[in-house]
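# Structural overview
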2 protein chains.
Amino acid sequence: MYTGTFELAEESKPIRDIAYDRLKHAIITGELPAGARIVETTYAEQLHISRTPLREALRKLERDGLVEYVLRHGVVVRAFTVADIEEIFTIRNAMMMLILPSVVERVTARDIAELRMLLSEMDVAQKEEDADALASFNRAFHSKIEHLTDKKRILRVIDDQEEYILRFSAITIASIVRRSKAHQEHHQMVDLLERHDLEGLEKLMEHHLEESKQTCLAAVANRK
Amino acid sequence: MYTGTFELAEESKPIRDIAYDRLKHAIITGELPAGARIVETTYAEQLHISRTPLREALRKLERDGLVEYVLRHGVVVRAFTVADIEEIFTIRNAMMMLILPSVVERVTARDIAELRMLLSEMDVAQKEEDADALASFNRAFHSKIEHLTDKKRILRVIDDQEEYILRFSAITIASIVRRSKAHQEHHQMVDLLERHDLEGLEKLMEHHLEESKQTCLAAVANRK
DNA sequence: TTAGTATGGGCTGTATACAGTGTACAATTT
DNA sequence: AAATTGTACACTGTATACAGCCCATACTAA
């Protein structure tokens, strides 16, 4: 019986999806570190729900690859190796190159305006060194660009891969604040988009992702 | 943290995974066509299981993108458009190009022998025009080559995409029987692998996948 | 000690009960 | 007849009960 334990709106979604979001968030923020075992009864109690919707959430996380299922042992948060990061960025970069033509082709003046709006907010966050704000704006910025494509399936692959590295965003963004070059690159991207300069954008994006990967790799190395 | 030990042996799978496999198979073979609604009670009864494991299977299929969940309406088998096929093959091809270097590097004499064994079985199936046998051998052949890589995540993306087009394999394989050139190409692939000829393999694979895509597209068009 | 063996608790796997919502269709009204 | 309301039914959403496995711990025997 759903007694309104989740007062935080989202009435439309089933509890299992709320549980899914919560668990995913916990994994991404590191609240649930790699190797942590997710015991159904414990988390069901903690979220004030029954095991049924929680288990359905776990099955989704399992297919996402965020947790690993061990027969008759439940699920465990999966660990990440350097090789994983390498592959994730390889995939992401390749997919990005596949969608960029459609992005450049489809971008409108309105999109540019919206991106510039985001940029100005990022300027502030950058100046104030507000890492949290910058993290969310950064994600929104990249997401907005990617979603300009009409290649839904490729986009899905990108989003999927992005999910994995979100775990390190807290760390990597902190260094982006320092590396203001990355922020300059965001401005350049919008300029290139406005000029529909595919080739320039390809080069810049590749460079940008490469730098991002290096930061990510450093973050993973430091974690040990 | 989970530090215990557990049996690595492949024991009996949970019912939910059996249900998952069954449903996936039903979707792939077309037994459950696009648009078909999967009613929990009906299928639970049919598989002689309760709704709980069935629902967990559905959550997996949902994340796979094979079915679509509608709030308070259950799941429906998703449809495929021509654009979907285009994208799937675009992704598959790009990912294939990413793993081929590692495949060429890692392939052993033993692998070549095993592939040749598969080929000889395919020769028979080809001669006897046994489409079913050829379909499974064809899949095994490609799977074997792909799994020579050590890039597990990229491989996963390939496998995921492959899953989608398996639905059309029955149709496409039938035409492969006619197009014996595709079968010749399989022989060439092994030869190129044996010679560690990356460039040649890249070209051949790209061509092979392109032909496969065309057949698939034709199959989808005919379905209407 | 060391190995082998009970045994109890914790947790997963599955079934089932029940609540609540949407839908189809009949009944009623205009 | 068209629109509206009422109502039963079908199906999903969630909770809960219960069985069985697995591991830890304790206990026994050599």
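Further up the page is the structure itself.
Just so you know, these numbers come straight off a predicted model, no measurement behind them.

### Some points on the protein's contact with DNA strand C
Around DNA strand C there are 20 residues in total, and Arg51(A), Tyr69(A), Ile15(B), Ser50(B) and Thr52(B) lie nearest to it. Expressed as a percentage, the sugar and phosphate content of the atoms of DNA strand C within 4 Å of the protein is 60%. Ile15(B) has a polar backbone atom sitting 2.6 Å from a phosphate oxygen of DNA strand C. In this structure, a phosphate oxygen belonging to DNA strand C sits 3.4 Å away from a side-chain N or O atom of Arg72(B). Those elements giving two or more residues to the surface near DNA strand C turn out to be strand 1 (37–38), helix 2 (40–46) and helix 3 (51–64) of chain A together with helix 1 (15–29) and helix 3 (51–64) of chain B. A total of three residues in the surface near DNA strand C trace back to one element, the largest contributor, which is helix 3 of chain B.

### Examining the relation of the copies chain A and chain B
In the superposition of chain A on chain B (RMSD 0.1 Å, axial shift 0.1 Å), the rotation amounts to 180°. Taken together, the rotation angle and the small translation identify this as a two-fold axis. Most of the interface of chain A is mirrored in chain B, where 81% of its interface residues again form contacts.

### Examining the packing of helix 6 (residues 131–146) of chain B against helix 9 (residues 180–194) of chain B
Geometry of a packed helix pair, given as the angle between the helix axes and the separation of the axes. Residue and element names in this part refer to chain B. One way to put it is that helix 6 packs onto helix 9 with a least axis distance of 12 Å and a crossing angle of 20°. Accordingly, the angle class assigned to the pair helix 6 and helix 9 is roughly parallel. For helix 6 against helix 9, the interelement crossing comes out left-handed. Mapping the contact onto sequence places Asn138, Phe141, His142 and Ile145 in helix 6 and His186, Met189, Val190 and Leu193 in helix 9. Among the residues making up the contact of helix 6 with helix 9, the classes are represented as five nonpolar, three polar and no charged.

### Here we look at the nonpolar core
Grouped together as the largest cluster of nonpolar side chains are 63 residues, with contacts concentrated most on Met95(A), Phe141(A), Leu193(A), Met95(B), Phe141(B) and Leu193(B). Not counting residues within four places of it along the chain, the set of residues in contact with Phe141(A) comprises Leu115(A), Leu118(A), Leu119(A), Met122(A), His186(A), Met189(A) and Val190(A).

### Notes on the sheet that holds strand 3 (residues 74–77) of chain B
Residues and elements named next belong to chain B. Strands sit in the order 1-3-2 across an open sheet of three strands; the sheet is antiparallel. Of all strands in the sheet, those with a lone pairing partner are strand 1 (37–38) and strand 2 (67–70), marking the two edges. In this structure, strand 1 lies alongside strand 3, joined through two bridges in antiparallel fashion. Following the sheet pairing, Arg37 is matched in strand 3 by Val76.

### Notes on the environment of Lys24(B)
Residue and element names in this part refer to chain B. One can find Lys24 in helix 1. The class of Lys24 is buried, set by a relative accessible area of 12%. Considered as a pair, Lys24 and Arg37 are 13 residues apart in the sequence and their alpha carbons are 14 Å apart. Dropping the residues within four chain positions of it, Lys24 is found in contact with Leu61, Asp64, Leu66 and Glu163.

### What about the packing of aromatic side chains?
Each pair of aromatic rings is reported with the distance of its centres and the angle of its planes. Tallied over the full model, the rule gives four aromatic pairs over all chains. Measuring from ring centre to ring centre gives 5.9 Å for Phe80(A) and Tyr164(A), while their planes differ by 50°; the resulting arrangement is tilted. Highlighted residues: Phe80(A) in the loop between strand 3 (74–77) and helix 4 (82–106) and Tyr164(A) in helix 7 (residues 152–165), separated in sequence by 84 residues. Assigned by exposure class, Phe80(A) and Tyr164(A) land together as buried. Members of the aromatic cluster, each reached through a chain of ring pairs, are Phe80(A), Tyr164(A) and Phe168(A). Sitting over the ring of Tyr69(B), Arg16(A) keeps its end group 4.6 Å from the ring centre. For Lys60(A), the ring lying beneath its charged end belongs to Tyr20(A), and the centroid distance is 5.4 Å.

What counts and how
Every chain's residues receive numbers from 1 upward, in the order its sequence appears when written. To read the labels, note that chains go from A and ligands from 1, taken in the order they are written. Restriction of local features to residues with pLDDT of at least 70 applies here, the model being predicted, together with a cutoff of 80 or more for giving and counting side-chain atom pairs; totals for whole chains, interfaces and linings are based on all residues. Based on all heavy atoms of the structure, the side-chain values leave hydrogens and waters out of the count. Whether a residue is near a molecule or strand is decided by its heavy atoms; if any one of them lies within 4 Å of it, the residue is near. Pairs of N or O atoms are called polar contacts if they sit within 3.5 Å, as long as, within protein, a hydrogen donor faces a hydrogen acceptor (for residues adjacent in sequence, only side-chain-to-side-chain pairs). In this description a helix means any DSSP run of H or I spanning at least four residues, a strand means any run of E spanning at least two, and both kinds are numbered starting from the N terminus. Residues reaching a pLDDT of at least 70 in both copies supply the C-alpha atoms on which the copies are superposed by least squares. The contact criterion used throughout is that any non-hydrogen atoms of two residues lie within 4.5 Å. Axis lines are fitted through C-alpha atoms, for helices just across the contact stretch, and the angle between N-to-C directions can take any value from 0 to 180 degrees. Working definition: roughly parallel below 35 degrees, roughly antiparallel above 145 degrees, roughly perpendicular at 65 to 115 degrees, and oblique for all remaining angles. For any pair of crossing helices, the crossing counts as left-handed if the nearer helix is rotated counterclockwise from the farther one by less than a right angle, and right-handed if it is rotated clockwise. The nonpolar class holds Ala, Val, Leu, Ile, Met, Phe, Trp, Tyr, Cys and Pro. Asp, Glu, Lys and Arg form the charged class, and all remaining residues, Gly among them, are polar. Only buried residues count toward a nonpolar core, which is a set of Ala, Val, Leu, Ile, Met, Phe, Trp, Tyr and Cys residues joined through side-chain atoms within 4.5 Å. Whether a residue is buried, partly exposed or exposed follows from its accessible area with a 1.4 Å probe, protein chains only, as a fraction of its type maximum: under 20%, in between, or over 50%, in that order. Two strands qualify as a pair provided DSSP detects at least 2 bridges between them. For this analysis, a ring pair means two rings from Phe, Tyr or Trp (six-membered ring only for Trp) whose centres lie within 6.5 Å, classed as stacked if their planes differ by under 30 degrees, edge-to-face if by over 60, and tilted for the remaining angles. Definition used: whenever NZ (Lys) or CZ (Arg) falls within 6 Å of the ring centre and also within 35 degrees of the ring normal, the charge is taken to sit over that ring.

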